[in-house]
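# Analysis of the macromolecular model
Chain residues, written in single-letter form:
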Amino acid sequence: MARHRADRRQGRILARIFRKRMLFRFVAVSTLAAAIPFAILFAYIVLSFRADTARDVLDQAEGSIGALVENGNRVLLQHAQKSQYIATSRVLGENLGKDFGDDLLDKVLFYSEVNQLIANVEFYENPSRSRYTIYLSNLSLYESKHFRPLTLLADGSGIREGLSALPVTQVLWHGTVVQDPSGQDCVGLYRSIPVSGAGTSLLEVLIPLSELEDALYAIALPNECQVEFLDSRPAVIGRFLVRDGRLMEAPAEEPPLATEQAALVQKSFMNGYAVRFHIPESALTRGVGQYLGAMIALFFLMLLLIALVAYLSTRRVVWRLERFVDGLDRGDALPVLPTGQDRGNEDEVATIQRKFADLIRKNDALYRENMDAVRSRRNLETSLLQMKLNPHLLYNSLAVLRWKALEKEESEIVSLLDRMTRYYRAVLGRGSDIVQVVDEIALVEDYIRICEATQAAPIHLEVDMGEAVGKLSVFKLILQPLVENAVLHGLAGKPADRTIRITGRQEDSNLVLSVEDNGVGIPPKTLDRIRAGENVRRMGGFGMKNLRERLSAYYGDDHGFCLESEAGRFTRVTLRIPVLDSASLSDRYRLEEGGTP
């Protein structure tokens, strides 16, 4: 007997150990199951933060390089305008081709005028050589600060050949860096000078490269960024670094960042030179490490919280199950109590059974209530649909208004009400869905006249189609949605000269219908979205999509739909549908009557 009790005690201990292991496993599985979506969420947040950080840095770089190029182009354009001022001056045009001979006085006077002309635009202090140089073929003029013989301009440079192929009003930018007499790197600008008489003269302008580089100090740059200036070959002609928020020239021993280690942002100046930003990976992911650490800490904290909540919740259930299992182990009776019996003495199993039976009854009651609600909702929807589709109230209202207008002798209102009545009878009528093209045109004309009255602005309707085309059969409301889009979106906001043109022609076994307006048009991006079938309500995309679905339902794949538009000029929709012959019409009518084709 004692041994039996010991065995039972040992069995209970082993059972409790097993249940505790099960509890641990349940908590572990619950925590892991909850951890997976949180891990995915945190990973998405971190990756989104990294992408946003990189995008912000790249946006800053794009803005900075745009400002840099804009400032640089402004500098280049200023020098180009100064060169035009000099090259087109009357002083040069009348005297560069003149043979001065030994007339020293005229030469001195001419040189003085040229010096003053260039001094008006040149602000550099370089007594030995000007950055504005005129290359001469006139041998009667001698070399000076601003004049040099044309022979000193090397033939291999291609400058004279390049200028000869350009109009006189255009400039030629030197593709590589040019050095001035002081050895400073410059951007070369060349322009032909119109000269009276024979001979050729060229104007050279040397723009210090430092004027383009100085613009770097006025913009914000990402830290650790490398900046390179490139000529038109392209070859690197200058490098800068951003260290600790300060811009400095890159030492010769500083290697450039490899392409796979950095993001590149590049933009060109008006002379063919370019500037390139190398943005290292560290700048694109700055702050992501700290953010990732915070997310990891928060993730593990949430795991602990989830594990604690799972343990406490599960432990309570396991404790009750332990009592239940202990009762089973002891052989306690667990009677199943029927409904209505005293519940004060029921055990866990009876409670579960009773609760389950109650749940079944409640579920049946809820199911019946839900089915009653569904039937009621369907009846209500049917009634509302019948009310919506029953147009008699609308027709009677229009008729009353028409009688009132006749009594007042308001002919315009009577005409408008007649058009509205015809229009709504065609749209809401329960007749055949197949009409002739002329009937659809009449419906469109009524709609346009109604719109003219509501918008107080005339709309000119042009219809170009033959009598034979007008007698062809189409599905009802095939043109009206296109005209409605043209009125509501194409001609909206246009006070005058509002025209809608409808054309129709038969090509072999196809009917081609086109609706065109001279309105505001559709922007290219929005046009692509509508062509792709998106619902762009603000530009009529919903009506287009609905019409294309109807065409597919009516004609299957045997139809064509073409949307063309140019912003500010026109929008044109062209439909290509098969002509319905007598056999096809008979089949369609039979289907409408509920038969089979």
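In this text, all values refer to a predicted model and were calculated from it rather than measured experimentally.

With that settled, consider the overall build of the protein. When helices and strands are counted, the protein shows 16 helices and 17 strands. Expressed as a percentage of the 597 residues in the protein, the buried residues total 37%. When contacts within the protein are restricted to residue pairs at least 6 apart in sequence, those whose partners lie at least 24 apart make up 62%. Entry remark: accessible area of the protein is about 35200 Å², with carbon and sulfur atoms responsible for 56%.

This paragraph deals with helix 13 (residues 480-490). The buried fraction of helix 13 is high, at 8 of 11 residues. Residues of helix 13 that are buried include every one of Gln480, Pro481, Leu482, Val483, Asn485, Ala486, Val487 and Gly490, and no others.

On to the confidence of the model for the protein. Overall, the prediction assigns the protein a mean pLDDT of 75, with 70% of residues at 70 or greater. Across residues 333-340 the pLDDT falls below 50, and counting only partners more than four positions away or on other chains, this stretch makes 14 contacts in the model. Every residue in residues 379-389 scores below 50 in pLDDT, and together they form 2 contacts with partners more than four places removed in sequence or on other chains.

Attention now moves to the pairing of strand 5 (residues 202-208). Judged by how many residues are buried, strand 5 sits mostly within the fold: 7 of 7 residues are covered. Every second residue of strand 5 is oriented toward a common face, with Leu202, Glu204, Leu206 and Pro208 on one face and Leu203, Val205 and Ile207 on the other, all of them buried. Strand direction decides the pairing type here: strand 1 (residues 132-136) and strand 5, joined by 4 bridges, are antiparallel. Opposite Tyr132, over in strand 5, you have Val205 as the bridge partner. Pairing of strand 4 (residues 185-192) with strand 5 involves 7 bridges; the strand directions are antiparallel. Bridging from a neighbouring strand, Val187 pairs with Ile207 of strand 5.

Paired through backbone hydrogen bonds, the strands of a sheet run either parallel or antiparallel to each other. Taken in spatial order, the 5 strands line up as 2-1-5-4-3 in an open sheet, and their pairing is mixed. In this open sheet, the two strands that pair with only one neighbour each are strand 2 (147-149) and strand 3 (171-179). Each strand of the sheet is rotated relative to its neighbour by a mean of 30 degrees, with strand direction disregarded.

For an α-helix the count is 3.6 residues per turn, leaving residues at separations of three or four pointing the same way. In a regular helix each residue adds 1.5 Å, so 16 residues correspond to 22 Å; helix 3 (residues 104-119) covers 22 Å between its end C-alpha atoms and thus fits that length. When helix 3 is considered as a whole, its buried residues turn out to be Lys107, Phe110, Tyr111, Val114, Leu117 and Ile118. Projected down its long axis, helix 3 carries its buried residues within an arc of 120 degrees, all on one side.

On to the nonpolar core, then. Judged by nonpolar contacts, the single largest core of 57 residues is most densely connected at Leu96, Phe110, Phe229 and Phe277. If one sorts the elements of this core by residue count, helix 1 (residues 2-87) sits on top with 11 residues. Excluding anything up to four places from it in sequence, Leu96 contacts Phe110, Ile134, Leu136, Asn138, Leu141, Phe147, Ile193, Val195 and Ser201. One finds Ile441, Cys451, Val573 and Ile577 within the second-largest nonpolar core, a separate group that totals 38 residues.

Between two aromatic rings, the relevant description is the distance of the centres plus the angle of the planes. Summed over the entire model, instances satisfying the criterion amount to 7 aromatic pairs. Seen from their ring centres, Phe100 and Phe110 are 5.6 Å apart, and the 20 degrees between their planes marks the pair as stacked. You can see Phe100 sitting in the loop between helix 2 (90-95) and helix 3 and its partner Phe110 sitting in helix 3, a full 10 residues away along the chain. Comparing Phe100 with Phe110 shows no difference in burial state: the two are buried. Ring geometry for Phe229 and Phe240: centres 6.2 Å apart, planes at 75 degrees, overall edge-to-face. Here the residue Phe229 occupies a position in strand 6 (residues 226-230), and Phe240 occupies one in strand 7 (residues 236-243), the gap between them amounting to 11 residues.

Moving on: the environment of Arg449. Topologically, Arg449 is positioned in helix 11 (residues 437-455). For Arg449 and Ile459, which are 10 residues apart along the polypeptide, the C-alpha to C-alpha distance reads 7.9 Å.

Attention now goes to the side chain of Lys107. Here Lys107 is to be found in helix 3. A relative accessible area of 11% places Lys107 in the buried class. At 2.7 Å, the side chain of Lys107 and the backbone oxygen of Ser140 are in polar contact. Once residues lying within four places of it in the same chain are set aside, the contact partners of Lys107 are Phe100, Gly101, Ser140 and Tyr142.

Moving on to unusual backbone geometry. Between Arg233 and Pro234 the backbone carries a cis peptide bond, its omega angle lying at 0 degrees. Turning to its location among the elements, Pro234 is positioned in the loop between strand 6 and strand 7. One non-glycine residue, Asp508, lies in the positive phi region at around 55 degrees. Mapped onto the fold, Asp508 is located in the loop between strand 14 (499-507) and strand 15 (510-517).

Next up on the list: a nonpolar patch on the surface. Residues Leu32, Ile36 and Ile40 make up a contiguous nonpolar surface patch of roughly 310 Å² in combined accessible area. With respect to the helices, strands and loops of the structure, Ile40 is situated in helix 1. For Ile40, a relative accessible area of 57% corresponds to the exposed category.

Glancing now at the pattern of salt bridges. All chains considered together, the criterion is met by 18 salt bridges. Close ionic contact of Arg55 with Asp52 constitutes a salt bridge, the shortest N to O distance being 2.2 Å. Placement of both Arg55 and Asp52 in helix 1 is noted, with a separation of 3 residues, approximately one turn of the helix. Among the salt bridges present, the one from Asp106 reaches Lys98, with a minimum N-O distance of 3.9 Å. You can call Asp106 partly exposed: its relative accessible area is 28%.

The next thing to look at is the side chain of Asn138. Within the secondary structure, Asn138 sits in the loop between strand 1 and strand 2. By relative accessible area, which is 13% here, Asn138 ends up buried. There is a polar contact of 2.9 Å between the side chain of Asn138 and the backbone oxygen of Leu96. There is a polar contact of 2.6 Å between the side chain of Asn138 and the backbone oxygen of Lys98. The contacts of Asn138, once residues within four sequence positions are left out, are Asn95, Leu96, Gly97 and Lys98.

Definitions and cut-offs
- Residues numbered from 1 in each chain as written.
- Predicted model: local features only at pLDDT ≥ 70, side-chain atom pairs only at ≥ 80, totals over all residues.
- Heavy atoms only, no water.
- Helix = DSSP H or I, 4+ residues; strand = E, 2+ residues; numbered from the N terminus.
- Buried < 20%, exposed > 50% of the residue type's maximum accessible area, 1.4 Å probe, protein only.
- Contact = heavy atoms within 4.5 Å.
- Areas by Shrake-Rupley, 256 points an atom, 1.4 Å probe, with all protein chains shown as cover.
- pLDDT = per-residue confidence, 0-100.
- Pairing = 2+ DSSP bridges.
- Axes fitted to C-alpha atoms, helices over the stretch in contact; angles between N-to-C directions.
- Expected span 1.5 Å × (residues − 1).
- Arc of directions from axis to C-beta.
- Core = buried A, V, L, I, M, F, W, Y, C linked by side-chain atoms within 4.5 Å.
- Phe/Tyr/Trp six-rings, centres within 6.5 Å; stacked < 30°, edge-to-face > 60°.
- Polar contact = N/O pair within 3.5 Å; in protein donor to acceptor, adjacent residues only side chain to side chain.
- Patch = residues over 30% accessible without salt bridge, like charges linked within 9 Å, V, L, I, M, F, W, Y side chains within 5 Å.
- Salt bridge = Lys/Arg side-chain N within 4 Å of Asp/Glu carboxyl O.

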